[in-house]
Amino acid sequence: MKLFGHPDSGHAFKVKFFLQWANVEHDYETIDIFSPRTSRPAEFLAASKFCEVPALIDNDKQLVQSNAILVYLAEKVEHFDSEDTRQRNLEWLIWEANKIGMCLPQLRADKRFEDSRLEAGAHAWLLSRYTHDIGIIESELSDGRDFILGSKPSIADFSLFGYLVHANEANVTLPKHVKYWVSNMEELDGWQHPYEMLK
Ligand SMILES: N[C@@H](CCC(=O)N[C@@H](CS)C(=O)NCC(=O)O)C(=O)O
């Protein structure tokens, strides 16, 4: 198995962290996502339908889209203990892609990359979306549970953590229960900061 990623990609981070946590043997290669798309390595271009990271090769299979890759890996390592658990995970994965994944990466890019600066109105709109979305996660965790679906980590946690790990770079605050959840994620086997993990 081989994963392509980049240290700045929260999408790649969620997959790499799951692979490390689940102890799945894999190779890893950094792709320069700031380079022209056509100049990227041929093996990556062949594997990545949308020319984005993450992309995963597993024997003859080529997999893209971080949350779809997480589902693939979860099934491969028999991570779901029931059909119901699988369904609850899918709900969070789709929510993440549409909600927190559609405001936090952009808020972070605004602070981190010169060419991703947002106009004030766009920034305010994304921040209001973030405030709403983080409120949903906080409310879900408010019973003091360790992970989003209970006492055990699941791919939903890895997905949500993809960009929440970079909340400080986006200059946004994390509420109390989310902070506790972050500390639990950082105690999992295989944890490394994304800049270290994906270099
Ligand atoms: N929806 C995709 C997003 C992937 C994505 O946006 N990848 C970015 C890095 S975070 C990328 O490869 N950008 C370089 C490019 O598009 O050329 C996923 O969940 O995997």
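Procedures and definitions
Within each chain, residues carry numbers counting from 1 in the order of the written sequence. Reporting in this predicted model follows two pLDDT cut-offs: at least 70 for local features of residues, and 80 or more for side-chain atom pairs to be given and counted; totals over whole chains, interfaces and linings ignore these cut-offs and use all residues. Numbering of helices and strands runs from the N terminus; a helix is a DSSP stretch of H or I covering at least four residues, while a strand is a stretch of E covering at least two. It is the C-beta atoms, placed from the backbone, that decide contacts: two residues are in contact if theirs lie within 7 Å. Counting other C-beta atoms within 10 Å of a residue's own tells you its class, since 20 or more makes it buried, 12 or fewer makes it exposed, and anything in between is partly exposed; those C-beta atoms are placed from the backbone. Boundaries between domains were set according to an automatic or database domain assignment. Amino acids outside the nonpolar list (Ala, Val, Leu, Ile, Met, Phe, Trp, Tyr, Cys, Pro) and the charged list (Asp, Glu, Lys, Arg) are all regarded as polar, and Gly is one of them. For two strands to be treated as a pair, DSSP must find no fewer than two bridges joining them. A fitted line through C-alpha atoms represents every axis, and for helices the fit uses only the stretch in contact; the resulting angles, taken between N-to-C directions, go from 0 to 180 degrees. The handedness rule is simple: strands pointing away from the viewer, and a clockwise path from the first strand over the helix to the second, make the crossover right-handed. Working rule for contacts: place C-beta from the backbone, and if it is within 6 Å of a molecule or strand, that residue counts as near it. Any nonpolar core is a set of buried residues, restricted to Ala, Val, Leu, Ile, Met, Phe, Trp, Tyr and Cys, that join up through C-beta atoms within 7 Å.

Peer 1: It is not clear to me how the environment of asparagine 67 should be interpreted in this structure. Could you clarify?
Peer 2: Within the element layout of this structure, asparagine 67 appears in helix 3 (residues 66-76). It is 18 Å that separates the C-alpha atoms of asparagine 67 and histidine 166, two residues lying 99 residues apart in sequence. Setting aside residues no more than four positions away along its own chain, asparagine 67 makes contact with Leu93, Glu96, Ala97 and Ser159.

Peer 1: When you look at unusual backbone geometry in this model, what are you seeing that I'm missing?
Peer 2: A negative phi angle characterises most non-glycine residues, just as the trans form characterises most peptide bonds. In this chain, valine 53 is followed by proline 54 through a cis amide linkage whose omega measures 0°. Among the secondary structure elements, proline 54 is positioned in the loop between helix 2 (42-47) and strand 3 (55-58). One non-glycine residue, asparagine 23, lies in positive phi territory at about 60°. Taking the number of C-beta atoms within 10 Å as the measure of exposure, asparagine 23 has 9 and is therefore exposed. Phi at glutamine 65 is positive, roughly 75°, even though this residue is not glycine. Its place among the elements puts glutamine 65 in the loop between strand 4 (61-64) and helix 3. In this structure glutamine 65 comes out as partly exposed when scored by C-beta crowding, with 18 C-beta atoms within 10 Å.

Peer 1: What's the story with the domain arrangement of the protein chain in this structure? I'm lost.
Peer 2: How large an interface is tends to be reported as the accessible area lost when its parts come together. Domain annotation of the protein chain identifies domain 1 (2-77 + 193-197) and domain 2 (83-185). Each side of the interface is counted separately: domain 1 has 12 residues, and domain 2 has 12 residues. Sorting the residues of the side of domain 1 that touches domain 2 by element identifies helix 1 (10-21) and helix 3 as the ones contributing at least two each. The element that contributes the greatest number of residues to the side of domain 1 that touches domain 2 is helix 1, accounting for six residues. Of the residues assigned to the side of domain 1 that touches domain 2, the class counts are seven nonpolar, four polar and one charged.

Peer 1: Teacher, can you tell me more about the sheet that holds strand 4 here?
Peer 2: Backbone-to-backbone hydrogen bonds join strands into a sheet, with any given pair of strands oriented parallel or antiparallel. If you walk across this open sheet you meet the four strands as 2-1-3-4, and the pairing is mixed. If you trace the sheet from one side to the other, it starts and ends with strand 2 (27-30) and strand 4, each paired once. Here the average twist between neighbouring strands, direction ignored, is 15°. Pairing of strand 3 with strand 4 involves four bridges; the strand directions are antiparallel. Bridge pairing links isoleucine 57 to glutamine 62 in strand 4. Set on the sheet, helix 1 makes contact with strand 1 (2-5), strand 2 and strand 3; between it and strand 1 the angle comes to about 150°.

Peer 1: Is there a simple way to explain the pairing of strand 1 in this structure?
Peer 2: The two faces of a sheet get side chains in turn, since along a regular strand they alternate between them. Sheet topology note: the strand 1/strand 2 ladder contains four bridges and is parallel. Bridge assignment links phenylalanine 4 to a residue of strand 2, and that residue is glutamate 29. Assessed by its sense of winding, the connection that carries the chain from strand 1 through helix 1 to strand 2 is right-handed. The pairing of strand 1 with strand 3 spans three bridges and is classified as antiparallel. Looking at the pairing, leucine 3 lines up with leucine 56 of strand 3.

Peer 1: Help me out: how do you make sense of the site of the ligand in this one?
Peer 2: Residues in contact with the ligand, as listed here, are Ser9, His11, Ile33, Arg37, Cys51, Glu52, Val53, Pro54, Gln65, Ser66 and Asn67. By residue class, the composition of the shell around the ligand is four nonpolar, five polar and two charged.

Peer 1: Explain the nonpolar core here, please?
Peer 2: Note on soluble globular proteins: their nonpolar side chains tend to be buried together. Counting 41 residues, the largest nonpolar core has Val15, Phe18, Leu70, Leu104, Ile155 and Leu160 as its most contacted members. Among the elements that make up this core, the one with the highest residue count is helix 7 (residues 155-164) (seven residues). Residues in contact with phenylalanine 18, not counting those within four places in the same chain, are Leu70, Leu73, Ile155 and Phe158.

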